[in-house]
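The lines below spell out each chain.
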Amino acid sequence: MVRVGEANLGRAVDGLGHPIDGGAPLARQTLWPVGGQRHGALERTQVDEQFHSGIRAIDGLTTLGVGQRVGLIAGSGVGKSVLMDMIVAAASADVVVAGLIGERAREVSDFVAHHMEGEQKERLAVVAVPADHAPNLRLRGAMLATGLAEYFRSQGKRVLLVLDSLTRVAHASREIGLMLGEPVAARGYPPSALATITKLVERAGRSRSSNGSITGVYTVLADGDDTNDPVVDTARAILDGHIVLSRELAQRGHYPAIDATVSLSRVMDDIVGEDHSLMARELRGLIAHYESNRDLLLMGAYKAGADPRLDLAIAMRPKIEAFLTQARGQAVSPAEARGQLEQIFADVEG
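By convention here, each chain's residues receive numbers from 1 onward along its written sequence. Local features in a predicted model are, by the rule used here, given only for residues with pLDDT of at least 70; side-chain atom pairs are given and counted only at 80 or more, and totals for whole chains, interfaces and linings are based on all residues. Excluded from the side-chain calculation are hydrogens and water; included are all heavy atoms of the structure.

(A) View of unusual backbone geometry. Of note, the amide linkage connecting Asp 164 to Ser 165 takes the cis form, showing an omega dihedral of 5°. Tracing the backbone through its elements, the reader meets Ser 165 in the loop between strand S9 (158-164) and helix H5 (166-179). The linkage connecting Tyr 255 with the following residue, Pro 256, adopts the cis geometry, with an omega of -5°. Numbering of helices and strands runs from the N terminus; a helix is a DSSP stretch of H or I covering at least four residues, while a strand is a stretch of E covering at least two. Structurally, the position occupied by Pro 256 is in the loop between helix H8 (247-251) and strand S13 (264-265).

Take a look at the structure:
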């Protein structure tokens, strides 16, 4: 059992629930099962309402829903943590629970200093277990963060659960499994390590009984930029969508470095209108067509008029770049994102 409650709001704790922010011990709290409360499959209701991330490229092309579970997939140093920060700052949620598991202590300190201030502090609870802590504490920290989110969902609240990172949780579970003599399965991961990912992710979602929800945003580290890594593959299979960050785009100075051609929201068609869905699909197709011919264009080997669709992609390229990039700290409303998406096609038609 873990202790959860309203006292966690505005506070930062470790994997055992002890304060690490220099404040007083937390007041009396509710006991909650560390592994969550098991419910039937039909307790999870359909995702049918848009989640506001504040990121134009996400809200426009891979729209997320309230109660959805999505992964931010990227190699090291590509911008996962920055993107996560932007989502936390702009998200439309009653409560934000941030689980900073297995990351650098400096990142924990920066996150707390940046978000634990003003009105935002009153809706934020942080569970932080840096990389130098024992694997059982890292795993327990992830479970505590998820348990906190479940508690607030049971109160009928909309919760944003951010877990950074799911890969470090799998690493902690792997260490424990290997110490216990569990046989290795996929690329050095015992079966229990990959099962831990599934158990954590499945605890998020919308609740039929309380009408609350947990929108889960999980960062996933692609070791060596390998998006077929067992952890990445397992997470992608169980999540309701994934946002892939590209190192190549980051090296071009394109931020956030979201690769719109391979990013996907499995609930988008259920929460946006048909015209929005068609525009997003068309824009992704134009981006993919341009990128597949990029080398040809850079060599000057393409002759205008040979491919009308490529000509259209070239003509729209500056506006597409402007749509996909966004300064850190800038938040865009869903209405603005859709309006700018419509404007791209309106300008071309004009």
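(B) Geometry of the layout of surface pockets. A pocket, in this scheme, is an open set of points on a 1 Å grid over the protein atoms alone with protein on both sides within 12 Å along at least 5 of 7 lines, while a cavity is a set where a 1.4 Å probe fits but cannot get out; residues line either one if an atom lies within 4 Å of a point. Grid points are joined across faces, edges and corners, and a volume is the space filled by probe spheres set on the points. Its volume calculated, the largest pocket comes out at about 500 Å³. Gly 35, Arg 38, Lys 199, Glu 202 and Arg 203 are the residues nearest the centre of the largest pocket, which is lined by 18 residues in total. Of all the elements in the fold, those that place two or more residues in the lining of the largest pocket are helix H4 (135-154) and helix H6 (191-201). Here the element with the most residues in the lining of the largest pocket is H6; it accounts for six residues. Only Asp, Glu, Lys and Arg are considered charged, only Ala, Val, Leu, Ile, Met, Phe, Trp, Tyr, Cys and Pro nonpolar, and every remaining residue, Gly among them, polar. In the lining of the largest pocket, the residues fall into four nonpolar, eight polar and six charged. Lining of the second largest pocket is provided by 23 residues; of these, Ser 81, Glu 103, Arg 104, Glu 107 and Asp 164 occupy positions nearest its centre.

(C) Representation of the pairing of strand S6 (residues 69-74). For S6, the buried fraction is high: six of the six residues fall into the buried class. Buried residues are those whose accessible area, probed at 1.4 Å on protein chains only, stays under 20% of the maximum for their type, while exposed residues exceed 50% and partly exposed ones sit between those limits. Neither face of S6 is left uncovered, since the one carrying Arg 69, Gly 71 and Ile 73 and the one carrying Val 70, Leu 72 and Ala 74 both have all their residues buried. Criterion used throughout: strands pair if DSSP finds at least two bridges between them. In the sheet, S6 pairs with strand S11 (residues 213-221) via six bridges, with the strands oriented parallel. The residue of S11 that forms the bridge with Arg 69 is Gly 216. Where S6 meets strand S12 (residues 241-244), three bridges bridge the pair, whose relative direction is parallel.

(D) Local environment of the pattern of salt bridges. Salt bridges are counted wherever a side-chain nitrogen of Lys or Arg sits within 4 Å of a carboxyl oxygen of Asp or Glu. Summed over all chains, the structure comprises 20 salt bridges. One salt bridge connects Arg 168 with Glu 103, and the closest N-O pair in it is separated by 3.7 Å. You can see Arg 168 sitting in helix H5 and its partner Glu 103 sitting in the loop between strand S7 (95-101) and helix H3 (105-115), a full 65 residues away along the chain. Its relative accessible area of 26% is what places Arg 168 among the partly exposed residues. What makes Glu 103 buried here is its relative accessible area of 11%. Where Arg 338 meets Asp 275, a salt bridge forms, and the shortest distance between an N and an O atom there is 2.5 Å.

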